[in-house]
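So you can see what is in the structure, the chains are spelled out below.
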Amino acid sequence: MATTTTTIKPHRSPEQIEDIILRKILLVTLTDSITNDSRLVYLEMTAAEILSEGGQLTLSKDVIERVLVDRLSGTNNNNIINAEPPFQYLIGIYRRANDELKKIANMKDKLVRAQMEAVVNQVKKLSVSYCKIHLTNPDMFPDAERSKSNVSPLLPLVFAEVSSSVDAFGSGTSTSGVVSCPGFLDDLFRDYEDYESVEPILKQLYEDLRGIVLKCSALGNFQQPLRALMYLISFPVGARALVNHPWWIPKGAYLNGRVIEMTSILGPFFHVSALPDQSIFKGQPDVGEQCFSGSSTRRPADLLSSFTTIKTVMNNLYDGLAEVLRSLLKNTSTRENVLQYIAEVINKNASRAHIQVDPISSASSGMFVNLSAVMLRLCEPFLDANSTKKDKIDPKYVFSGSRLDYKELTALHASSEEVTEWLNKNNPSNTSDSQETTSSSQRQSASYSFICECFFMTARVLNLGLLKAFSDFKHLAQDISRYEDNLATLKTMQEQTPSPRLAQEVARLEKEIESFTQEKLCYEAQILRDGGLIQQALSFYQLMVVWLVDRIGGFKMPFLQSCPMEFACMPEHFVEDAMELLIFASRIPRALDGVKLDDFMNFIIMFMASPEYIRNPYLRAKMVEVLNCWMPRRSDPSSATSTLFEGHQLSIQYLVRNLLKLYVDIEFTGSHTQFYDKFNIRHNIAELLEYLWQVPVHQNAWKQIAKEEEKGVYLNFLNFLINDSIFLLDESLNKILEHKELEAEMSNTVEWEQRPAQERQERTRLFHSQENMIRVDMKLAMEDVSMLAFTTEQITAPFLLPEMVERVASMLNYFLLQLVGPQRKSLSLKDPEKYEFRPKQLLKQIVNIYVHLARGDHENIFPSAITKDGRSYNDQLFTEAANVLRRIGEDPRIIQAFEDLGRKAKAAASEAMDTEAILGDIPDEFLDPIQYTLMKDPVILPSSRIIVDRPVIQRHLLSDATDPFNRSHLTPDMLIPDTELKQRIEEFVKSQQRKQHGDDMDMQSNFKSSIQSPDGTGPLIG
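No experiment lies behind these values; they were computed from the predicted model shown. (Residues numbered from 1 in each chain as written. Predicted model: local features only at pLDDT ≥ 70, side-chain atom pairs only at ≥ 80, totals over all residues. Heavy atoms only, no water.)

Caption draft 1: Representation of the overall build of the chain. Assigned secondary structure in the chain consists of 40 helices and 5 strands. Structurally, the chain occupies a C-alpha span of about 185 × 75 × 50 Å along its principal axes. Counting every position in the chain, which comprises 1022 residues, the buried fraction comes to 50%. In the chain, the proportion of contacts linking residues at least 24 apart, taken out of those at least 6 apart, comes to 75%. Carbon and sulfur atoms form 50% of the exposed surface of the chain, whose accessible area is close to 48300 Å². One way to put it: in the chain the 109 positive side-chain charges average out to a point 4 Å from where the 135 negative ones average out. (Helix = DSSP H or I, 4+ residues; strand = E, 2+ residues; numbered from the N terminus. Buried < 20%, exposed > 50% of the residue type's maximum accessible area, 1.4 Å probe, protein only. Contact = heavy atoms within 4.5 Å. Areas by Shrake-Rupley, 256 points an atom, 1.4 Å probe, with all protein chains shown as cover. Lys, Arg positive; Asp, Glu negative; His and termini not counted. Charge placed at Lys NZ, Arg CZ, Asp CG, Glu CD.)

Caption draft 2: Spatial organisation of the confidence of the model for the chain. When pLDDT is averaged across the chain, the result is 86; 91% of the residues are at 70 or more. Mean pLDDT in the chain bottoms out at helix α18 (residues 437-446), which sits at 47, and peaks at helix α16 (residues 365-379), which reaches 97. Contacts from residues 1-6, a stretch scored under 50 in pLDDT, to residues over four places away or in other chains number 15 contacts. In the predicted structure, residues 1016-1022 sits below a pLDDT of 50 and forms 11 contacts with residues beyond four places in sequence or in another chain. (pLDDT = per-residue confidence, 0-100.)

Caption draft 3: Spatial organisation of the environment of S944. By the element assignment, S944 lies in the loop between β3 (938-940) and β4 (947-949). Along the primary structure S944 and F965 are separated by 21 residues, whereas in three dimensions their C-alpha atoms are 6.6 Å apart. In contact with S944, other than residues within four places in its own chain, are D963, F965 and N966. One polar contact links S944 to D963, side chain to side chain, over a distance of 2.7 Å. (Polar contact = N/O pair within 3.5 Å; in protein donor to acceptor, adjacent residues only side chain to side chain.)

Caption draft 4: Here's a closer look at empty space enclosed by the protein. One pass over the full model with this rule turns up 1 cavity of 30 Å³ or more. Forming the boundary of the largest cavity are Y663, F679, R682, H683, D724, L728, L780, E783 and D784. When contributions to the lining of the largest cavity are tallied by element, the ones reaching two or more residues are α29 (674-693), α31 (713-747) and α33 (757-792). Split into classes, the residues belonging to the lining of the largest cavity amount to 4 nonpolar, 1 polar and 4 charged. (1 Å grid on protein atoms, 1.4 Å probe; cavity = no way out; pocket = protein on both sides within 12 Å on 5 of 7 lines; lining within 4 Å. Points joined across faces, edges and corners; volume = space filled by probe spheres on them. Nonpolar A, V, L, I, M, F, W, Y, C, P; charged D, E, K, R; others polar.)

Caption draft 5: Region of interest: helix α2 (residues 44-52). Within α2 the residues assigned to the buried category are T46, A47 and I50. Along the axis of α2, the buried positions cluster into a sector of 100°, meaning they face one direction only. Residue G54 follows α2 closely and has a positive phi angle near 85°. (Arc of directions from axis to C-beta.)

Caption draft 6: A look at the side chain of D869. Tracing the sequence through the fold places D869 in the loop between α36 (862-867) and α37 (875-888). Buried charge without a salt bridge: D869, with R871 as the nearest opposite-charge side chain at an N-O distance of 5.0 Å. Engagement of the side chain of D869 in a polar contact is seen with the backbone nitrogen of R871, the distance being 3.2 Å. Setting aside anything within four residues of it in sequence, one finds D869 in contact with S810 and N813. (Salt bridge = Lys/Arg side-chain N within 4 Å of Asp/Glu carboxyl O.)

Caption draft 7: Summary view of the pattern of salt bridges. Under the counting rule described, the total for this entry stands at 51 salt bridges. Among the salt bridges present, the one from K132 reaches D194, with a minimum N-O distance of 2.2 Å. In this pair, K132 is assigned in helix α5 (residues 110-136) and D194 in the loop between α7 (184-189) and α8 (195-213), connecting sequence segments 62 residues apart. Residue classification places K132 among the buried residues on the basis of a relative accessible area of 13%. When the shortest N-O distance is used, the salt bridge between K622 and E580 registers 2.8 Å. Of this pair, K622 sits in helix α26 (residues 617-630) while E580 sits in helix α24 (residues 573-586); the two residues are 42 residues apart in sequence, bridging distant segments of the chain. Each member of the salt-bridge network shares a partner with another, and the members are E667, K678, R682 and D724.

Caption draft 8: Structural detail: the packing of helix α34 (residues 802-820) against helix α35 (residues 839-855). Interhelical geometry of α34 versus α35 gives an angle of 150° and a closest axis separation of 10 Å. Looking at the two axes, α34 sits roughly antiparallel to α35. Relative to α35, the crossing made by α34 is left-handed. Seen from α34, the contacting residues are V808, L812, N813, F815, L816, L819 and V820; seen from α35, they are P839, L842, L843, I846, I849, Y850 and L853. Within the contact of α34 with α35, the residues separate by chemical class into 13 nonpolar, 1 polar and no charged. (Axes fitted to C-alpha atoms, helices over the stretch in contact; angles between N-to-C directions. Parallel < 35°, antiparallel > 145°, perpendicular 65-115°, else oblique. Left-handed = near helix turned anticlockwise from the far one by under 90°.)

Caption draft 9: Structural context of the nonpolar core. Among the nonpolar cores identified, the biggest contains 309 residues, and L154, F184, F189, F456, W630 and F717 are the most heavily contacted of them. In this structure, W630 is in contact with L582, S586, L592, L597, F600, M601, I604, T641, L644 and F645, ignoring residues within four places of it in sequence. Core analysis: the second largest hydrophobic core is formed by 7 residues, L941, I953, L957 and L975 among them. (Core = buried A, V, L, I, M, F, W, Y, C linked by side-chain atoms within 4.5 Å.)

Caption draft 10: Representation of the packing of helix α19 (residues 450-464) against helix α22 (residues 531-550). Following both chains from N to C, one finds α19 and α22 inclined at 120°, their axes separated by 12 Å at the closest point. Considered as vectors, α19 and α22 are oriented oblique to each other. Crossing of α19 over α22 shows left-handed handedness. For the pair formed by α19 and α22, the contact residues are F455, F456, T458, A459, L462 and N463 on the first element and F540, Y541, L543, M544 and W547 on the second. Residues of the contact of α19 with α22, tallied by class, amount to 9 nonpolar, 2 polar and no charged.

Caption draft 11: How the structure looks around the sheet that holds β4. Taken together, 3 strands build an open sheet; the order of strands is β4-β3-β5 and the sheet is antiparallel. Here the strands that pair on one side only, and so sit at the sheet edges, are β4 and β5 (976-977). By the bridge criterion, 3 bridges tie β3 to β4 in an arrangement that is antiparallel. For V939, the partnering residue across the bridge sits in β4 and is V948. (Pairing = 2+ DSSP bridges.)

Caption draft 12: Up close: the packing of aromatic side chains. One pass over the full model with this rule turns up 38 aromatic pairs. Look at W693 and F790: their rings are 5.5 Å apart centre to centre, the planes differ by 40°, and that puts the pair in the tilted class. One end of the pair, W693, is in helix α29; the other, F790, is in helix α33, and 97 residues separate them in sequence. Here W693 and F790 have matching classes, each one buried. Taken together, Y397, Y448, F455, F456, F540, Y541, W547 and F574 form an aromatic cluster joined through their ring pairs. Its guanidinium or amino end placed over the ring of Y89, R71 lies 3.9 Å from that ring's centre, counting from NZ or CZ. Geometry around Y195 places R240 over its ring, the cationic atom sitting 3.8 Å from the centre. (Phe/Tyr/Trp six-rings, centres within 6.5 Å; stacked < 30°, edge-to-face > 60°. Lys NZ or Arg CZ within 6 Å of the ring centre and 35° of its normal.)

Written as structure tokens, this is what we have:
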């Protein structure tokens, strides 16, 4: 080995030193002398040319480039074929030059040292320059290795530059032992003025990186390409080359969401995920198969390890991609390209908001969950809802023809026509020719701050990404539950009557459940277990609700103004997504720890009963679902959320009132499924109301509302509560009878097994379906009756109003007939608890309602109302019910009060019969045309001009605000009293009573005269 420069003998000239150094760096020689370094290449033809020109056969700065070109061209000598390929050779030059510079630094002669440093730096510069030439024109220098691969030879060097120990995780591209070359890449990409020469090199590198991660899952080696991407864009030329790449935003007539994901440069990086995807796009290794196969038999520690691994690698991905976008956004020359890319991804994937998503034309859930996490990271600097930064979020962005397409989105309250009219009114330029739309859109977007654009883009991304993933997860869990139910049914049938077809179906279902379970655990690993992601999303939506409320003047009630268009025109999903996130997070243990929920609580209380601000009743009902998730349970009365209900000012003032109002509003949603939807929504409201009744401040508020709104919202609430109670109990009792018939069929094993297998399978499924329906209906009915029972203990006046009292009495009589009447034995079930059917408890509650209302009946109208029910009333039911109550141990005082009411009702029935006899034939004009009963307070309906009894029509209007004769709009205040007819009816009643009184007197006189003294000379009583 030759001696190092630090030991060069003093008598050597600078030319000799230069020759020695260049020989070591370039690995070439111009003399065919014997050397110990086999790497040296003798450039024979070059040496001959130099000699012919009268030059010296020594290497110097004057011949460096000539020697370098000849060495790279390989035309001088056959032995060059066995030397290093051009790229590796040029990198080697740079690396050896660095080594020589370290040695030169130790030279004592400053002049020689400066000369040698200049020469070596020139070599380095030439190596970089010729590397650019070789990479952009690979055919210029012969390279057998290059033809074997389509990947840039620079890529392993980039990987070596960013290498890390974590790259050993998973599988993928490695650096193949390539050692980094410090400073080379910096010199290659540092010069921004040299963009034209390095742009093709960077273009190839970006395509190579994209190709590596294209089929990469969360368990693949995506981290090395990601760090390489981050490194390359750290150079201004790298950032510029990336956003100017033809694949930055792909173009084409068939461009859709999936195409952008798979063909854009960043798309495959965002595609890396643990979430399930269409098989043709799924990354490898398969996360579900590798981490969660046979999960039911795996140790919890193994599953936890998988969860932790996936969470860690995905957060590495989020952080890396966020850093990529952040770096590009900080650069004013590339910011616009990034915003255009995000907007294009959003707009081309708008269909992801649909229930059914086409996986071929829409990007994967993985991409959008990843983009959600990245956008939330970009929002971090302005997520504080109390910061003034939110003032930069301009609502006009939604209407300005911005990058994002809001035209197809439903607004909170405004119709599309109202939005257009308002925009034209406030911005006449919007009516100009549509040809200018695109350019004006870009100009308008440029006028908005980054905070504003980032806020609205994040809201759209979360809607299509994280929130859509929550929905997919929920549906997946439901599918698993349904499949498991079907599997249990099939296994039962297989045990009874084995068959190959059933065995095949069981095996198919088990395979499906295994696959679904793997997918479910993948969702859990990437989303549910990532508390940081969920908390960031909660912070974003806290900002969202505060910002929305600022549109109407802040958290103030009652509302002081009509709904501003800036609020009414906001996309409905802004609020819906916030509520869905709260529901989802509330069901994940500890997900809400440390989250301040007061702003959400204020928002919910303000808008849940405000259709004039949020039109969609289902969205307002979702707010109740959130409150239901937060409601302190009996098992945990000291819940962290209890202060939201019991110590929150808006809650104390408005919560009960708004729940009652929503209970009424939800009767008419406008949906074709409104009749069935309302029961689930009211179930959530009922649970909340039951809890609030036990909180003294809320119970007091409830009593005050019942007093103030006796003929308003509270009366409507009671009406719908009674309607639901009757329907649900009637439905469940009828289904019990059908269910018992089916149960009898199945218990007759001889006849049952003779039936075809398919019929048995269908009937078995019907049996289980009926079980579920009975259980749900009965639970809801019991809930409604329970609410009637505990509220009537304190509030009775609204129940005893003329328009309500007969309805309440009829309901109670009907329930009593079902529970203690002749048919009660037909309702007996083997396991009533299984169906939520508790007849003893139900009877106690019904009787308690009777007694509560009797105690509050100061005008003694309730007994009469009980007897007017010709369908269900029977005085024997009261006796039978009292006997049952004694057997089940009810409070004797309640039984006594109930029996007293029964006796009063019996007396009222007798009195009513006497009255009916007295009145005789009633003229038709005095009869109510709906109930055919004598009117007491006749009123004229303004539209149809029909005359009806006021209590009867008011009872109808509680459920339907229309004239029953022509369906025109009608409210109680529109009723016209018919005083003349009322007077005639009263005169008729009095005349009939006088007539009856006269008849009674005549009968009494005749009776007296008919009784003679014993001697027959006169009457006995004088």
